[in-house]
Amino acid sequence: MSAVEGITVINRSFTAMILPIVLTIICVLFAIQKHGSGKIGRLFAPVMLLWFGTISVNR
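Every chain is numbered independently, its residues counted from 1 as its sequence is written. Owing to the predicted nature of the model, reporting of local features is limited to residues with pLDDT of at least 70; listing and counting of side-chain atom pairs is limited to 80 or more, with chain, interface and lining totals taken over all residues. Derived side-chain values reflect all non-hydrogen atoms in the structure, with water molecules and hydrogen atoms excluded from consideration.

Trainee: Which parts of the structure should I look at to understand the overall build of the chain?
Mentor: A count of helical and extended segments in the chain gives three helices and zero strands. When the helices and strands of the chain are read in sequence order from the N terminus, they spell out α-α-α. Burial status follows relative accessibility: with a 1.4 Å probe on protein chains alone, a residue under 20% of its type maximum counts as buried, one over 50% as exposed, and anything between as partly exposed. Counting all 59 residues of the chain, 7% fall into the buried class. Each accessible area is a Shrake-Rupley estimate made with a 1.4 Å probe; only the visible protein chains count as cover when residues are assessed. For the chain, the exposed area adds up to about 4900 Å²; of that, 71% sits on carbon and sulfur atoms. Only DSSP runs of H or I reaching four residues or more are called helices, and only runs of E reaching two or more are called strands; each is numbered from the N terminus.

Trainee: Honestly, a nonpolar patch on the surface in this entry has me stumped. Any pointers?
Mentor: A grouping of Met-48, Trp-51, Phe-52 and Ile-55 is seen on the molecular surface, where their side chains present a nonpolar patch of about 390 Å² in accessible area. One can find Trp-51 in helix 3 (residues 37-58). Patches here are clusters of residues that have more than 30% relative accessible area and form no salt bridge, with a 9 Å joining cutoff for like charges and a 5 Å cutoff for nonpolar side chains (Val, Leu, Ile, Met, Phe, Trp, Tyr). Every case where a carboxyl oxygen of Asp or Glu lies within 4 Å of a side-chain nitrogen of Lys or Arg is listed as a salt bridge.

Trainee: Any chance you could explain helix 3 here in plain terms?
Mentor: In an α-helix, one turn spans 3.6 residues, which is why side chains three or four residues apart end up on the same side. A helix is expected to span 1.5 Å for every residue after the first. Its 22 residues give helix 3 an end-to-end C-alpha distance of 30 Å, which sits within 8% of 32 Å, the value for a rise of 1.5 Å per residue. Consider a residue and the seven residues that end there alongside the seven that start there; fitting an axis to each set, the bend is the angle between those axes. The axis of helix 3 is deflected most strongly, by about 35°, at Phe-44, and proline Pro-46 appears within four residues downstream.

Trainee: How should the packing of helix 2 (residues 18-33) against helix 3 be read in this particular structure?
Mentor: The relative placement of two packed helices comes down to the angle between their axes together with the axis-to-axis distance. Between helix 2 and helix 3, whose axes approach to 9 Å, the crossing angle comes to 145°. Two secondary-structure elements touch here, helix 2 through Ile-25, Leu-29, Ile-32 and Gln-33 and helix 3 through Ile-40, Leu-43 and Phe-44. For this scheme, ten residues count as nonpolar: Ala, Val, Leu, Ile, Met, Phe, Trp, Tyr, Cys and Pro. Four count as charged, namely Asp, Glu, Lys and Arg, and the remainder, Gly too, count as polar. Looking at side-chain class alone, the contact of helix 2 with helix 3 contains six nonpolar, one polar and no charged residues. Structural elements are reduced to axes, namely lines fitted to C-alpha atoms, with helices fitted over the stretch in contact, and the angle between N-to-C directions of any two is expressed from 0 to 180 degrees. By definition, residues are in contact when any of their heavy atoms lie within 4.5 Å.

Trainee: Would you take a moment to explain the side chain of Thr-8 for this structure?
Mentor: Within the secondary structure, Thr-8 is located in the loop between helix 1 (2-5) and helix 2. Looking at Thr-8, the relative accessible area reads 13%, which means it is buried. Residues in contact with Thr-8, not counting those within four places in the same chain, are Phe-14, Thr-15 and Ile-18.

Trainee: Even after reading the chapter, I still don't get the environment of Leu-29, so can you show me in this structure?
Mentor: With respect to the helices and strands, the residue Leu-29 is situated in helix 2. In sequence terms Leu-29 and Leu-43 are 14 residues apart; their C-alpha atoms lie 9.8 Å from each other. If we skip the residues at most four places from it in the chain, Leu-29 touches Ile-40 and Phe-44.

In C-alpha cells form, the structure reads like this:
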C-alpha cells in the first residue's frame, strides 16, 4: 500500500484512488495465485525492474 501511496507525490488528487488500486492488486494476486508463483514472478519482474531502475536514477 505504501508503494501505491507514492503516486500522491505526482498529484494530490490521486489520494482517493489509492485504496481501489491496492484492492485491485490484491484481488489479481489472489486470482492468479492458484496458477503458481512463477506466473506472479513473471508478472511483477518487469514492474520491479522499472521500480529499482527509477530509484537508482533518482539517487
